[in-house]
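# Tertiary structure, described
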Amino acid sequence: MAFLFYGESHQGKNMVIHISHELQREIAEQLEATYPNEGGGFLLGQGAADQMQIVDIVQVDNVFAEAEQHHRYAMRPQDWMRLEDLADERGLSLVGYYHSHPDSSAVPSEYDREHALPNFVYIITAVMMARANDMRAWQLRADRSAFAELALENHLQPQRRGADSAQDA
Amino acid sequence: MAKIRIPTPLRAFTDGEASIEVAGGTVGEALSNLVEQHPDLRAHLFNDSELRSFVNIFLDDEDIRFMQGLDTEIADDDNLRIIPSIAGGNPPRSPQSMGGKPLISEEA
Ligand SMILES: [Zn+2]
């Protein structure tokens, strides 16, 4: 399926990010629909220093000037407030954000680095010709010098429950 | 003392505390007091002495940029909040124009 992104080939020594196939598909569908503009949203999750589970995603509008939206992405500070409060209420944390790179690679830009925070997960999706074809996870180093890549572990959910018995008869 | 709410990713620099009590009569003084208490925050809030462009400070529901900025006066029971504006950008399409600076680190 086109929505599957296996992080194994990009595996680093840093934190491991666990995300379900279902959530990856939601991200991919949103970012394909936003193409050729950049799209994005927040990642809600929970976890410790070395393992992070993404529990939910929340799509957020791109408020950058429309003419720049093919290569720039910005959210309202009010969206951050709302989402941080929502995460707290649900016993989750605002753990990161995701955005697309239309017709470019899933690697952070210099602009991304300047605007990034440490201890935050950045999932970048390359969308080539309206198809999401790579998804990688990154984290800013504490000294702000560069991003380190995180392992993104895809967790498949069963396509159909009880499919074997349904095929009998 | 006024309180400052710390955004989730920066709580690693405040021993996990979401809210920090700060001394000072203005937003600028309160922020100086905050980074004195937690020096590792400084690099992520300030570029030299300027507030980083993606760091927003709200006094209740109001952005201090639309008030008197760092000179905005605060009272003892005021609540400040640090809100990062999330922004991203696509690299230029030509690899040559990306410059020689590596963005990706190999080590942890
Ligand atoms: Zn980007």
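The structure this text deals with has already been given above.
The present account deals with the structure reproduced in this document. (Residues numbered from 1 in each chain as written. Chains lettered and ligands numbered in written order. Predicted model: local features only at pLDDT ≥ 70, side-chain atom pairs only at ≥ 80, totals over all residues. Heavy atoms only, no water.)

### Concerning the overall build of chain B
Defined as follows: Secondary structure elements are taken from DSSP: a helix is a run of H or I of four residues or more, a strand is a run of E of two residues or more, and numbering for both begins at the N terminus. For every residue, the accessible area obtained with a 1.4 Å probe (protein chains only) is divided by the maximum for its type, and the residue is called buried under 20%, exposed over 50%, and partly exposed between those limits. Contacts are residue-level and defined by heavy atoms, with any inter-residue pair within 4.5 Å sufficient. Computed with a 1.4 Å probe, the accessible areas rest on the Shrake-Rupley method; for each residue, only the protein chains presented here act as cover.
Across its full length, chain B holds 2 helices and 9 strands. Going from N to C terminus, chain B has its helices and strands arranged as β-β-α-α-β-β-β-β-β-β-β. Expressed as a percentage of the 108 residues in chain B, the buried residues total 49%. Long-range contacts, defined here as pairs at least 24 residues apart, represent 45% of the contacts in chain B between residues at least 6 apart. In the structure as shown, chain B presents an accessible area of about 5700 Å², 46% of it carried by carbon and sulfur atoms.

### Here's the deal with the overall build of chain A
A count of helices and strands for chain A gives 4 helices and 8 strands. The N-to-C order of helical and strand elements in chain A reads β-α-β-β-β-α-β-α-β-β-β-α. Expressed as a percentage of its 169 residues, the buried residues of chain A come to 53%. The long-range fraction of contacts in chain A, counting pairs at least 24 apart against all pairs at least 6 apart in sequence, stands at 64%. Looking at chain A as shown, the accessible area adds up to about 7600 Å², and 48% of this sits on carbon and sulfur atoms.

### Considering the nonpolar core
What counts is decided by this rule: Throughout, nonpolar core names a set of buried Ala, Val, Leu, Ile, Met, Phe, Trp, Tyr and Cys residues whose side chains join them through atoms within 4.5 Å.
Grouped together as the largest cluster of nonpolar side chains are 50 residues, with contacts concentrated most on F42(A), I4(B), L34(B), L45(B) and I57(B). When residues in this core are grouped by element, the largest group, 5 residues, is from helix α1 (residues 27-37) of chain B. Apart from the residues lying within four places of it in its own chain, the contact partners of L45(B) are L10(B), L34(B), V35(B), E50(B), L51(B), R52(B), V55(B) and I82(B). Judged by nonpolar contacts, the second largest core, of 19 residues, contains L23(A), I27(A), I54(A) and M135(A).

### Brief notes about the pairing of strand β1 (residues 16-20) of chain A
Residues and elements named next belong to chain A. Worth spelling out the cut-off: Any two strands are treated as partners once DSSP identifies two or more bridges connecting them.
Burial of β1 is extensive: 5 of the 5 residues sit out of reach of the surface. Burial of the side chains of β1 extends over both faces: V16, H18 and S20 are buried on one face and I17 and I19 on the other. As defined by bridge partners, β1 adjoins strand β3 (residues 51-60) across 3 bridges and the pair is classed as parallel. Its bridge partner lying in β3, V16 is registered against Q51.

### Concerning the sheet that holds strand β2 (residues 19-22) of chain B
Strand-to-strand pairing in sheets goes through backbone hydrogen bonds, with the strands running parallel or antiparallel. For clarity, the cut-off: Orientation is described by axes fitted as lines to C-alpha atoms, over the contacting stretch for helices, and by angles from 0 to 180 degrees between their N-to-C directions.
Read from one edge to the other, the open sheet built from 5 strands follows the order β2-β1-β7-β5-β6 (chain B), with strand pairing classed as mixed. The open sheet has two edge strands, β2 and β6 (62-63) of chain B, and neither has a second partner. Relative to strand β7 (residues 79-84) of chain B, strand β1 (residues 2-5) of chain B runs parallel, the two being bridged by 3 bridges. Bridge pairing in β7(B) links R5(B) to R81(B). Of the strands in this sheet, β1, β5 (55-59) and β7 of chain B touch helix α2 (residues 77-89) of chain A, which is tilted by about 105° from β7(B). Strand contacts of α1(B): β1, β2, β5 and β7 of chain B, with the helix running at about 115° to β2(B), the strand carrying the most contacts.

### Some points on the interface of chain B and chain A
A common way to report how large an interface is uses the accessible area buried once the components associate. To keep it simple, the criterion reads: Accessible surface is computed with a 1.4 Å probe, and the buried area is the amount of it that two parts give up when combined, taken over both parts together. Salt bridges are defined as contacts in which a side-chain nitrogen from Lys or Arg sits within 4 Å of a carboxyl oxygen from Asp or Glu. Within 3.5 Å is the distance limit for a polar contact, defined as a pair of N or O atoms, with the added protein rule that one can donate a hydrogen and the other accept it, and that residues adjacent in sequence qualify only through two side-chain atoms. When residues are grouped by polarity, Ala, Val, Leu, Ile, Met, Phe, Trp, Tyr, Cys and Pro land in nonpolar, Asp, Glu, Lys and Arg in charged, and all others, Gly among them, in polar.
Contact with chain B, which involves 34 residues of that partner, is made by 46 residues of chain A. Summed over both sides, the interface between chain B and chain A buries roughly 3500 Å², with carbon and sulfur atoms accounting for 56% of that surface. On the surface where chain B and chain A come into contact, there are 5 salt bridges. Connecting chain B to chain A are 8 residue pairs in polar contact (both at pLDDT 80 or more). Mapped by element, the contributors of at least two residues to the side of chain B that touches chain A are α2 (42-45), β5, β7, β8 (87-89) and β9 (104-105) of chain B. Grouping the amino acids of the side of chain B that touches chain A by side-chain chemistry returns 17 nonpolar, 9 polar and 8 charged.

### Regarding the packing of aromatic side chains
Residue and element names in this part refer to chain A. The condition is simple: Two rings belonging to Phe, Tyr or Trp (six-membered ring only in the last case) form a pair when the distance between their centres is within 6.5 Å. Interplanar angles under 30 degrees mark stacking, angles over 60 mark edge-to-face geometry, and anything in between is tilted.
For the structure on display, the rule yields 5 aromatic pairs over all chains. Ring plane angle 80° and centroid distance 5.7 Å describe the contact between F42 and W80, whose orientation is recorded as edge-to-face. Note that F42 is positioned in strand β2 (residues 40-47) and W80 in helix α2, a separation of 38 residues in sequence. When sorted by exposure, F42 lands in the same class as W80, which is buried. Plain terms: the ring middles of Y97 and Y122 are 5.3 Å apart, the flat faces sit at 85° to each other, and that makes the pair edge-to-face. With a gap of 25 residues between them, Y97 in strand β5 (residues 93-102) and Y122 in strand β6 (residues 121-128) connect regions that are remote in the sequence. The class of Y97 is buried, set by a relative accessible area of 0%. You can call Y122 buried: its relative accessible area is 4%. Chaining the aromatic ring pairs together yields one cluster made of F42, W80, Y97, F120, Y122 and F147.

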